[in-house]
Amino acid sequence: MRVVRFAAGRPAEVVRAPEPMPGPGQILVRTEAVGVGIGLVRMLASAAEGGEPVRPGGEIVGTVTALGAGVTGFQVGDRVGGVVFQDAFADLVVADPRLVAQVPAGVDAAAALVLVRGGLLALGALRAGDFRPGQSVLVTAAASGTGHVAVQLARALGASRVAGAVGSAEKAGFVRECGADEVVTYAQPAWGDPVDVVLDGVGGELVQRGVDTLAPYGRLVAFSAGGGSVDAGSLLGGSRAVIGFTVGQLHRTRPELVERHRAELWELLAAGRLRPRHTGLPLDQITTAVDLVTTRANLGRVVLHTT
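Residues numbered from 1 in each chain as written. Predicted model: local features only at pLDDT ≥ 70, side-chain atom pairs only at ≥ 80, totals over all residues. Heavy atoms only, no water.

(A) Local environment of the packing of helix α2 (residues 109–128) against helix α3 (residues 147–156). With their axes 9 Å apart at the nearest point, α2 and α3 run at an angle of 55° to one another. In terms of orientation, α2 lies oblique with respect to α3. By crossing handedness, the relation of α2 to α3 is classed as right-handed. The residues of α3 that touch α2, namely those facing Val114, Leu115, Gly119, Ala122, Leu123 and Leu126, are His148, Val149, Ala150, Leu153 and Ala154. Looking at the contact of α2 with α3 residue by residue, the class counts come to nine nonpolar, two polar and no charged. (Axes fitted to C-alpha atoms, helices over the stretch in contact; angles between N-to-C directions. Helix = DSSP H or I, 4+ residues; strand = E, 2+ residues; numbered from the N terminus. Parallel < 35°, antiparallel > 145°, perpendicular 65-115°, else oblique. Left-handed = near helix turned anticlockwise from the far one by under 90°. Contact = heavy atoms within 4.5 Å. Nonpolar A, V, L, I, M, F, W, Y, C, P; charged D, E, K, R; others polar.)

Here it is in structure tokens:
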């Protein structure tokens, strides 16, 4: 089978490797699509500094080809999508059944890949922010793999106004196509009228800027690994709040809620109310895919096709 090898100081390369075998409690999945995101970029940057090779995980969509001992709830031939922790960039991957789920028949592999993690993250962040129909929403990184889905979800679920914040004005048209009423850039000194909910997928100084954009009783949901800090005094006058969110915590503590979110995403997709967007490339163009994300040039999710 093919697998991408990442070595510090050298370009990623596709090599041949033995096929893995699932151990007890694991499943083997033949991939159709693998996602490339900012998490991979950060891991590769860290590896370059430390000089160690990495075997990154990521989002995958594919078909179950073998079951390890003790696995229930899946069978060979099932189409699944989710997250694996190691060697995601390969024709065959070993997965933990708890971190993957069935993909409905007929759903395009790339569309499914956009939703299996980015969709869960976007919907979970909206729910964590106590979003309700009729409220206004601003999404940072609005042209990203997760951000563009968050814009669409806010619109589909009844937001009165949806704004997107992006790094460059060239992305404005794409974000408007996804349902945003207005688009601002990070360079603008003000981000328009206050909103009820800010979904921040960037971090850093944008966290405070997002707080400053909140209406009284507004909530900012931070779901980026980019860090950032907030002046607590800026929360007091308007009784604003900052909430942290990760899908991993939800998986560990409220798996039933994750299942409800998945079902809601598939329903919205089937109804045509979500239109996942992506840039698709073959597996051997991994370097191009990483460069797209590194330079923030991507519109929607970057997807590597393995079939």
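(B) View of α2. Along its 20 residues, α2 runs 28 Å from first to last C-alpha, staying within 8% of the 28 Å computed at 1.5 Å per residue. A maximum bend of about 45° is found in α2 at Gly118. The buried count for α2 comes to 17 of 20 residues, which makes it a mostly enclosed element. The N-capping residue of α2, defined by a side-chain oxygen 3.0 Å from the backbone nitrogen of Ala110, is Asp108. Where α2 terminates, the next one or two residues include Asp130, which has phi positive at roughly 55°. (Expected span 1.5 Å × (residues − 1). Bend = angle between axes of the 7 residues up to and from the residue. Buried < 20%, exposed > 50% of the residue type's maximum accessible area, 1.4 Å probe, protein only. Polar contact = N/O pair within 3.5 Å; in protein donor to acceptor, adjacent residues only side chain to side chain.)

(C) How the structure looks around the nonpolar core. Within the largest apolar cluster, 54 residues are counted, with the highest numbers of intra-cluster contacts made by Val137, Val151, Leu153, Val175, Leu199, Phe245 and Trp266. Where this core is concerned, the elements lending two or more residues are α2, β8 (136–140), α3, β9 (161–166), α4 (172–177), β11 (195–200), α7 (247–253) and α8 (255–270). When residues of this core are assigned to their parent elements, the largest contribution, 14 residues, is made by α2. For Trp266, the residues in contact, after removing those within four places along its chain, are Gln102, Val103, Pro104, Val107, Ala112, Leu115 and Val116. Residues Leu28, Val84, Ala90 and Val93 belong to the second largest nonpolar core, which totals 35 residues. (Core = buried A, V, L, I, M, F, W, Y, C linked by side-chain atoms within 4.5 Å.)

(D) Spatial organisation of the sheet that holds β11. Read across the sheet, six strands follow the order β10-β9-β8-β11-β12-β13 without closing on themselves; strand pairing throughout is parallel. Each edge of the sheet is formed by a strand with only one pairing partner; in this case those strands are β10 (182–185) and β13 (241–244). Strand-to-strand twist in this sheet, taken as the mean axis angle between neighbours without regard to direction, amounts to 20°. Packing against the sheet, α2 makes contact with β8, β11, β12 (214–222) and β13, and its axis sits at approximately 140° to β11. Against the sheet, α3 contacts β8, β9 and β11, and its axis sits at roughly 170° relative to β8. (Pairing = 2+ DSSP bridges.)

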